[in-house]
Amino acid sequence: MTAEELAGIEAEATTKRYPVAPGVRVNVRSGPGTGYPVVKVLPAGVSVPINCQCPGTTVSGPYGTTNIWDNIANGQYVSDAYVKTGSDGYVAVRCG
């Protein structure tokens, strides 16, 4: 295994994951808003990494009303209103 591969595995292992609202299947969109196409649907009970966050469409969900969107993978965003971060604000760096 190369040092680069090992670093990637270590980074993945230390990335904090946040639970999605229980009993909810969350739409994953290609951008930070409800106007972007759905690229997949998360099954209930999963936890997601938050790589970065950015403002987008305001959404109301189990964890309040917010315009913060969480980037969970390349080209994949979910509304922070469906992710239990323990905060009403940003918990990760801004996407950019």
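Preceding block: the structure.
Predicted model only: the values in this text are computed from it and were never measured.

A.B. asks: Explain the overall build of the protein to me, using residue names and the numbers behind them.
C.D. replies: Helices and strands together make up the secondary structure of the protein, namely one helix and seven strands. Secondary structure elements in the protein, listed N-terminal to C-terminal, are α-β-β-β-β-β-β-β. Considering the protein as a whole, with its 96 residues, one finds that 32% of them fall into the buried category. Expressed as a percentage of contacts within the protein between residues at least 6 apart in sequence, the contacts between residues at least 24 apart total 45%. For the protein, the exposed surface amounts to about 5,600 Å²; the carbon and sulfur share of it is 51%.

A.B. asks: I'd like to hear about the nonpolar core, residue by residue, with values.
C.D. replies: As a rule of thumb, soluble globular proteins bury nonpolar side chains together. Formed by Tyr 18, Val 20, Val 26, Val 28, Leu 42, Val 48, Ile 50, Ile 72, Val 78 and Val 83, the largest nonpolar core amounts to ten residues. Counting five residues, the second largest nonpolar core, distinct from the first, contains Cys 54, Trp 69, Tyr 77 and Ala 81.

How each quantity is defined
Residues numbered from 1 in each chain as written. Predicted model: local features only at pLDDT ≥ 70, side-chain atom pairs only at ≥ 80, totals over all residues. Heavy atoms only, no water. Helix = DSSP H or I, 4+ residues; strand = E, 2+ residues; numbered from the N terminus. Buried < 20%, exposed > 50% of the residue type's maximum accessible area, 1.4 Å probe, protein only. Contact = heavy atoms within 4.5 Å. Areas by Shrake-Rupley, 256 points an atom, 1.4 Å probe, with all protein chains shown as cover. Core = buried A, V, L, I, M, F, W, Y, C linked by side-chain atoms within 4.5 Å.

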